[in-house]
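Close look at the chain arrangement
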Amino acid sequence: MNITKISAEDRRFKLEAGAGSDAVHSDPVYSFAVTRIVLDSGLAGTGLVLTMGRGNDLVCGAIELLGQQLKGRDIEELMADFGVTFRKLADDVQLRWLGPHKGVVHLALASITNACFDLWAKSRGVPLWKLLLSLSPAEIVQLLDLSYLEDVLDPSEALQMLAAELPSRASREDVLTTGYPGYDTSVGWYQYDAAQIEDKVKRSLDEGFGAFKLKVGGPLDHDLARAQRLRKVAGEKVTIMFDANQQWNLPQALIACKELGAFRPLWIEEPTHPDDIFAHQTLAKAIAPLALALGEHVPNRVIFKNYLQSGCVGFLQPDCTRLGGISEFITVSLLAKKFGVPVIPHVGDMGQIHQHLVLFNRIAIGHPEEFLEYIPHLSSHFVHPVDLRDGRYQTPQEAGSSTDLR
């Protein structure tokens, strides 16, 4: 059960024309900086983080630098107190300066962390969601680094929150049978024309989806025309969301959000720069009750804490391939629960790991059953791709976190 090898793999995937495009990325290359951790038994764990093409060069290099510290560790011993290891890696004395806790090094940490969790679940022969649900509240807290959160969430309170949900867990386990609802982002990429959007929305409706996201962030007249088209094709009862991918400044966002609000979106996502908490706070007050969603580019638990403290977030979108992996994702989910904000992850893993994590959030933390983003473009590259039926993620049964690539 000892770790004998840690390596990085650079995997890049060219998408079909228009797929994955938004107001910032005109020609995206979806890429994974992959960590492979191998035990002396030959069992291997796979961890993923999403990048865009050449960014993989940097992240893979950082994985090689950080990951060697885990060689020789027993996987059970490592995971029994993973929060301590997480903080040690995050605070590497020579690499921390490059963040701290953000950027290339933090993405490398996420890939390593996700590989550890995948390997742990495989070593126990269970899917990740089942492993996480088998842990006691104390064991879950031991996975987490709660430093810099003590003013709002310390280990004792985290333990109490998880313990408080134990008596009602059974009432939420039906999601394991019914599946977790999804929403389709792939109908509304920025470079899709009206005919493509109409065709893809109709097809997605036939497949059972009831919620769609449209990319905006260009000329306002163009955005409004596309929004009107989506609402007309999808119908008045369908849920729609708009995502600006940080393209607006605050004055532009104030105008655009109010105009787009006429189409009754559930949220406006990433309306401006993700580091500008005060701008989001100003915007949220101005456009209420229309909600803001964000988190795709929020790199760590501290900034999520500040966003939650500001009261400007309607839907939180943490991503275990942007944060420091599964461990920090759980930490942010607990923060969101304390502040009463629902978690709807961004799927930088195309839904593979997050399909496990939303089940844990629902059953163990008591988050509401909302929905999970669906992006199918990399499905053929996974050994066990996500399985959606009638618009719902089916509960994965294979051991691990569903991250093995072909």
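Residues numbered from 1 in each chain as written. Predicted model: local features only at pLDDT ≥ 70, side-chain atom pairs only at ≥ 80, totals over all residues. Heavy atoms only, no water.

Structural notes on the overall build of the protein chain
Within the protein chain, the regular secondary structure consists of 15 helices and twelve strands. Taking 406 residues into account, the globule formula puts the C-alpha radius of gyration at 22 Å, and the protein chain, at 20 Å, falls close to it. Based on the C-alpha atoms only, the size of the protein chain along its principal axes is roughly 60 × 45 × 45 Å. Looking at the protein chain as a whole, 59% of its 406 residues qualify as buried. (Helix = DSSP H or I, 4+ residues; strand = E, 2+ residues; numbered from the N terminus. Rg over C-alpha atoms; globule rule 2.2 N^0.38 Å. Buried < 20%, exposed > 50% of the residue type's maximum accessible area, 1.4 Å probe, protein only.)

Description of the pairing of strand β6 (residues 239-243)
The element β6 is extensively covered by neighbouring structure, given that four of its five residues are classed as buried. Here five bridges tie strand β5 (residues 211-215) to β6, and the two strands are oriented parallel to one another. The partner of A211 across the bridge, within β6, is T239. Assessed by its sense of winding, the connection that carries the chain from β5 through helix α10 (residues 220-234) to β6 is right-handed. (Pairing = 2+ DSSP bridges. Right-handed = clockwise from strand over helix to strand, strands pointing away.)

Here we look at unusual backbone geometry
Looking along the chain, the bond that leaves G99 and enters P100 is cis, with omega of -10°. Locating P100 in the fold gives a position in the loop between α3 (82-90) and α4 (103-124). For the bond from A288 to P289, the omega torsion is 10°, close enough to zero to count as cis. Along the chain, the position of P289 falls in the loop between α12 (277-287) and β8 (291-294).

Regarding the domain arrangement of the protein chain
Taken domain by domain, the protein chain comprises domain 1 (2-125) and domain 2 (170-393). Relative placement of domain 1 and domain 2: their C-alpha centres are 24 Å apart. Contact between domain 1 and domain 2 buries roughly 2400 Å² in total, counting both sides, with carbon and sulfur atoms accounting for 67%. Summed over the shared surface of domain 1 and domain 2, the result is zero salt bridges. In this structure, the connection of domain 1 to domain 2 is made through eleven residue pairs in polar contact (both at pLDDT 80 or more). Looking at the side of domain 1 that touches domain 2, the elements with two or more residues in it are β2 (29-39), β3 (44-52), α3 and α4. Among the elements that make up the side of domain 1 that touches domain 2, the one with the highest residue count is α4 (seven residues). (Domains from an automatic or database assignment. Buried area = accessible area lost by both parts, 1.4 Å probe. Salt bridge = Lys/Arg side-chain N within 4 Å of Asp/Glu carboxyl O. Polar contact = N/O pair within 3.5 Å; in protein donor to acceptor, adjacent residues only side chain to side chain.)

Description of the UniProt feature "domain: Mandelate racemase/muconate lactonizing enzyme C-terminal" (unreviewed entry) in the protein chain
The sites that UniProt annotates as "domain: Mandelate racemase/muconate lactonizing enzyme C-terminal" (unreviewed entry) are residues 194-290. Along residues 194-290 the backbone is 52% helical and 13% strand, and the end-to-end C-alpha distance reaches 25 Å. (UniProt positions renumbered as here; feature names shortened; annotations may be inferred.)

A few points about the sheet that holds β3
In space, the three strands of this open sheet follow the order β1-β2-β3, with antiparallel pairing throughout. Edge positions in the sheet fall to β1 (3-14) and β3, since each of these pairs with one other strand and no more. Recorded for the sheet is a direction-independent mean angle of 20° between the axes of neighbouring strands. Bridge analysis of β2 against β3 gives nine bridges, and the strand direction is antiparallel. Looking across to β3, one finds that V38 is bridged to A44. Helix-sheet contacts for helix α1 (residues 55-67) involve β1, β2 and β3, and the interaxial angle to β1 is about 175°. Across the face of the sheet, α4 comes into contact with β2 and β3 while running at roughly 150° to β3. (Axes fitted to C-alpha atoms, helices over the stretch in contact; angles between N-to-C directions. Contact = heavy atoms within 4.5 Å.)

Some points on the state of the cysteines
Across all of its chains, the model carries zero disulfides by this definition. Note on C60: no disulfide assigned, nearest cysteine sulfur contributed by C116 at a separation of 16 Å. Residue C60 is classed as buried on the basis of its relative accessible area, which comes to 10%. Of all cysteine sulfurs, the one in C320 lies closest to C116, which takes part in no disulfide; the gap is 13 Å. Accessibility expressed as a relative area gives 0% for C116, which makes it buried. (Disulfide = S-S within 2.5 Å.)

Things to note about the side chain of D145
Looking at where D145 falls in the secondary structure, it is placed in the loop between α6 (137-142) and α7 (155-165). In this structure the side chain of D145 is engaged in a polar contact, spanning 2.7 Å, whose partner is the side chain of S147. Of note is the side chain of D145, whose polar atom sits 3.1 Å from the side chain of R301. When residues no more than four places from it in sequence are discounted, the contact partners of D145 are G83, F86, R87, R301, S327 and T331.

Description of the pairing of β5
Regular strands place their side chains on alternate faces of the sheet. Most of β5 sits out of view: five of its five residues are buried. What you see with β5 is no split at all: A211, K213 and K215 on one side and F212 and L214 on the other are buried throughout.

Here's the deal with the packing of aromatic side chains
The tally for this structure, following the rule as stated, stands at eleven aromatic pairs. Geometrically, the ring pair formed by F82 and F86 is tilted, given 6.5 Å between the ring centres and 55° between the ring planes. In this pair, F82 and F86 both sit in helix α3, four residues apart, roughly one turn of the helix. Overall, F82 belongs to the buried group, its relative accessible area being 1%. Between W267 and F315, the aromatic rings sit 5.2 Å apart at their centres with planes inclined by 50°, giving tilted as the arrangement. (Phe/Tyr/Trp six-rings, centres within 6.5 Å; stacked < 30°, edge-to-face > 60°.)

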